[in-house]
Amino acid sequence: MNLKPLGDRVIVKQDEAEETTAGGLILAHDAKEKPQTGVVLKVGEGKLDKDGNLVPVPVKEGDRVLYGKYGGTEVKVNGEEVMILRSEDIYAVFE
Amino acid sequence: MNLKPLGDRVIVKQDEAEETTAGGLILAHDAKEKPQTGVVLKVGEGKLDKDGNLVPVPVKEGDRVLYGKYGGTEVKVNGEEVMILRSEDIYAVFE
Amino acid sequence: MNLKPLGDRVIVKQDEAEETTAGGLILAHDAKEKPQTGVVLKVGEGKLDKDGNLVPVPVKEGDRVLYGKYGGTEVKVNGEEVMILRSEDIYAVFE
Amino acid sequence: MNLKPLGDRVIVKQDEAEETTAGGLILAHDAKEKPQTGVVLKVGEGKLDKDGNLVPVPVKEGDRVLYGKYGGTEVKVNGEEVMILRSEDIYAVFE
Amino acid sequence: MNLKPLGDRVIVKQDEAEETTAGGLILAHDAKEKPQTGVVLKVGEGKLDKDGNLVPVPVKEGDRVLYGKYGGTEVKVNGEEVMILRSEDIYAVFE
Amino acid sequence: MNLKPLGDRVIVKQDEAEETTAGGLILAHDAKEKPQTGVVLKVGEGKLDKDGNLVPVPVKEGDRVLYGKYGGTEVKVNGEEVMILRSEDIYAVFE
Amino acid sequence: MNLKPLGDRVIVKQDEAEETTAGGLILAHDAKEKPQTGVVLKVGEGKLDKDGNLVPVPVKEGDRVLYGKYGGTEVKVNGEEVMILRSEDIYAVFE
């Protein structure tokens, strides 16, 4: 992946539908916005806070994460479909 | 539960309808947004304030809490249905 | 009441309609949002300001208050109907 | 008046329609929101600014003021109809 | 004029339609919000910034100004029709 | 031009349609909001930031600029039609 | 290109449709807002943060970038069609 996200953005490779089920996560039907799971491919350097200090992104490459699709953007790079998200759209990380 | 919430997010296991009644809490019918009760399973590390200091989440694992569903996201992990909330959506804790 | 409000939230026991009249307060008919009166049962620890200092709630247990219902949530705990409010929804306190 | 306003709120006794005219103020017909006049009965202690300093209310008891009704709440206490306003809804004071 | 504006508010005496033309200012027809001209009668003491310092109003009594009507309120005091504006609704001053 | 803009406002003399073309700038048809070009006639002193420091306007008299019309106000002063803009509505300057 | 963007704005030369495909990036069909690719021609000096420090733009001339069109403005200068964007509308840079 030759695409480097800027600021607090994160590039995620979305799980296939089957993987999601295998991984034990099924989304309940009445959720307002269906979150999804995937693996982090790239993270940006973080975002500056009001005092000019860099706040790093709270996930790292290889993390499997649960995220909301709302703020994200889907792109296909060299045939690979990925998601570009802001880090605040990532709700939780699988341990 | 192998899911770790990020920032000030909290994972809550929602009470069954019977539990809620047994626990002595019945929601009044004319509430704008019906709050619900549940038990805290996991808490995030907290949120950074404007000066970069970490503000911890005001509840801990095992707390039984009253929360608003509006900002939350329901997910089912390994067959267990849970709620991911921001800590500001938690109104009160049972003592 | 075994429910502890979080942050700047306050739990109020709403006056019965008769009490309100006896207490000398009748709401005018053309108010945008009808305020109500009640007695404070529990107060949260307060809210952090931008510098991380705790701003305590401006009312205490036992205070009789005038509040707007808009931001509040009604719940019934052990058969007792109460209101959970943010402290900024409390307009005035009876002396 | 046994009601003490909280924060930067102010309790105002609205002028009768005749008084307003006698006092020399008539509202123009094409105003977006008709302001009104009245006398300040009670003032709150003020509002905390971002640094935690108390900003006092810019009017005092007895001041005759011009205010916008939009943000206010009308209540009748012991038969006396009054208005509870935030201090920013007070536009000007009569000297 | 016995009315003192509060904060960063300004009282302006609106030019008559003929004056506006005489003064050389005609508003173009396709403006989103038609600005108007008038003379400043009274200015408030200014507004506190986030650090509690007073920011004075950038115009003074007697200035002829160009302003947007949107945020203003028209009142008639002792037969004189005036406009109460926030200072940010004043766009420019005639030199 | 005897009109002095306040704060971070800027007065711009809009290019004639022919000038725009001569100057080599043609606006693409599918732009959300058509920007325009003109010459800066007057600039305000700037805007105070949160710490009370003056942030000067990033253009000067005589600059030819590209700006968005959305936030501006058109006025005709002594027969000359000009635009009053906030400095953030100026996108770029011709070198 | 004789046009210098102000603040944190960036001028980008949008890729031709064929280039985008050749470059290996195809946008997925269900994206909320289709991002696009292009090459940075000019960058502004950056934006002042709340403390008055200049935050530089995170891309430089010659970078090939992925951006969202939403906040941008298309203009044609000397026959060349370009895009003026805020730097926060640039999601990622190709390495």
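In this text, all values refer to a predicted model and were calculated from it rather than measured experimentally.

Trainee: What exactly am I supposed to notice about the pairing of strand S2 (residues 9-14) of chain B here?
Mentor: Within a regular strand, the side chains alternate between the two sheet faces. Residue and element names in this part refer to chain B. With four bridges joining them, S2 and strand S9 (residues 80-86) adopt antiparallel strand pairing. What sits directly across from Arg9, in S9, is Arg86. Bridge count between S2 and strand S4 (residues 35-43): five bridges; the pairing is antiparallel. Paired with Val10 across the bridge in S4 is Val43.

Trainee: Would you mind showing me how to read the pairing of strand S10 (residues 90-94) of chain D here?
Mentor: Counting buried residues along S10 of chain D, five of its five residues qualify, which places the element largely inside the surrounding structure. As defined by bridge partners, strand S7 (residues 64-68) of chain D adjoins S10 of chain D across three bridges and the pair is classed as antiparallel. By the bridge assignment for S10 of chain D, Val65 of chain D is matched with Val93 of chain D. Here S10 of chain D runs beside strand S1 (residues 3-5) of chain E; their pairing, made up of three bridges, is antiparallel. Within S1 of chain E, the position partnered with Ala92 of chain D by the bridge is Pro5 of chain E.

Trainee: Would you explain the packing of aromatic side chains in this entry?
Mentor: Aromatic ring pairs are reported here in terms of the distance separating the ring centres and the angle at which the planes meet. Counting across every chain of the model gives zero aromatic pairs over all chains. In this arrangement the basic side chain of Arg64 of chain B is found over the ring face of Phe94 of chain B, its NZ or CZ atom lying 4.6 Å from the centre.

Trainee: Would you mind showing me how to read the side chain of Asp15 of chain B here?
Mentor: Residues and elements named next belong to chain B. With respect to the helices, strands and loops of the structure, Asp15 is situated in the loop between S2 and helix H1 (17-22). Asp15 gets classed as buried once you look at its relative accessible area, which sits at 9%. Here Arg64 takes part through its side chain, which lies 2.9 Å from a polar atom of the side chain of Asp15.

Trainee: When you look at the environment of Gly7 of chain B in this model, what are you seeing that I'm missing?
Mentor: All names here are of chain B. By secondary structure assignment, the location of Gly7 is in the loop between strand S1 (3-5) and S2. The spacing of Gly7 and Gly46 is 39 residues in sequence and 4.8 Å in space, taken between C-alpha atoms. Aside from chain neighbours lying at most four places away, what touches Gly7 is Gly44, Glu45, Gly46 and Val57.

Trainee: When you look at the pattern of salt bridges in this model, what are you seeing that I'm missing?
Mentor: Oppositely charged side chains are able to pair whenever their charged atoms sit close together. As enumerated under the stated definition, the model contains 42 salt bridges over all chains in all. Arg64 of chain F is the partner of Asp15 of chain F in a salt bridge, and the nearest nitrogen-oxygen pair spans 2.9 Å. Here Arg64 of chain F lies in strand S7 (residues 64-68) and Asp15 of chain F lies in the loop between strand S2 (9-14) and helix H1 (17-22), a separation of 49 residues in the sequence. Note that Lys47 of chain G is salt-bridged to Asp8 of chain G, the shortest N-O span being 3.9 Å. In this pair, Lys47 of chain G is assigned in strand S5 (residues 47-48) and Asp8 of chain G in the loop between strand S1 (3-5) and strand S2 (9-14), connecting sequence segments 39 residues apart. Among the residues examined, Lys47 of chain G registers a relative accessible area of 44% and is labelled partly exposed. Accessibility expressed as a relative area gives 5% for Asp8 of chain G, which makes it buried.

Trainee: Just to check I follow, could you spell out the environment of Glu80 of chain D for this structure?
Mentor: Residue and element names in this part refer to chain D. Positionally, Glu80 belongs in strand S9 (residues 80-86). Note on Glu80: relative accessible area 28%, which makes it partly exposed. Beyond its immediate sequence surroundings of up to four residues, Glu80 is in contact with Met1, Lys13, Leu41 and Val75.

Trainee: Any chance you could explain a positive patch on the surface here in plain terms?
Mentor: Taken together, the side chains of Lys50 of chain A, Lys50 of chain B, Lys50 of chain C, Lys50 of chain D, Lys50 of chain E, Lys50 of chain F together with Lys50 of chain G define a basic patch exposed on the protein surface. Residue placement: Lys50 of chain D occurs in the loop between strand S5 (47-48) and strand S6 (54-55). Note on Lys50 of chain D: relative accessible area 38%, which makes it partly exposed.

Trainee: Just checking my understanding: could you explain a negative patch on the surface for this structure?
Mentor: A cluster of acidic residues, Asp51 of chain A, Asp51 of chain B, Asp51 of chain C, Asp51 of chain D, Asp51 of chain E, Asp51 of chain F together with Asp51 of chain G, forms a negative patch on the protein surface. Summarising the element assignment, Asp51 of chain A is placed in the loop between strand S5 (47-48) and strand S6 (54-55).

Conventions adopted
- Residues numbered from 1 in each chain as written.
- Chains lettered and ligands numbered in written order.
- Predicted model: local features only at pLDDT ≥ 70, side-chain atom pairs only at ≥ 80, totals over all residues.
- Heavy atoms only, no water.
- Pairing = 2+ DSSP bridges.
- Helix = DSSP H or I, 4+ residues; strand = E, 2+ residues; numbered from the N terminus.
- Buried < 20%, exposed > 50% of the residue type's maximum accessible area, 1.4 Å probe, protein only.
- Phe/Tyr/Trp six-rings, centres within 6.5 Å; stacked < 30°, edge-to-face > 60°.
- Lys NZ or Arg CZ within 6 Å of the ring centre and 35° of its normal.
- Polar contact = N/O pair within 3.5 Å; in protein donor to acceptor, adjacent residues only side chain to side chain.
- Contact = heavy atoms within 4.5 Å.
- Salt bridge = Lys/Arg side-chain N within 4 Å of Asp/Glu carboxyl O.
- Patch = residues over 30% accessible without salt bridge, like charges linked within 9 Å, V, L, I, M, F, W, Y side chains within 5 Å.
- Areas by Shrake-Rupley, 256 points an atom, 1.4 Å probe, with all protein chains shown as cover.
- Lys, Arg positive; Asp, Glu negative; His and termini not counted.
- Charge placed at Lys NZ, Arg CZ, Asp CG, Glu CD.

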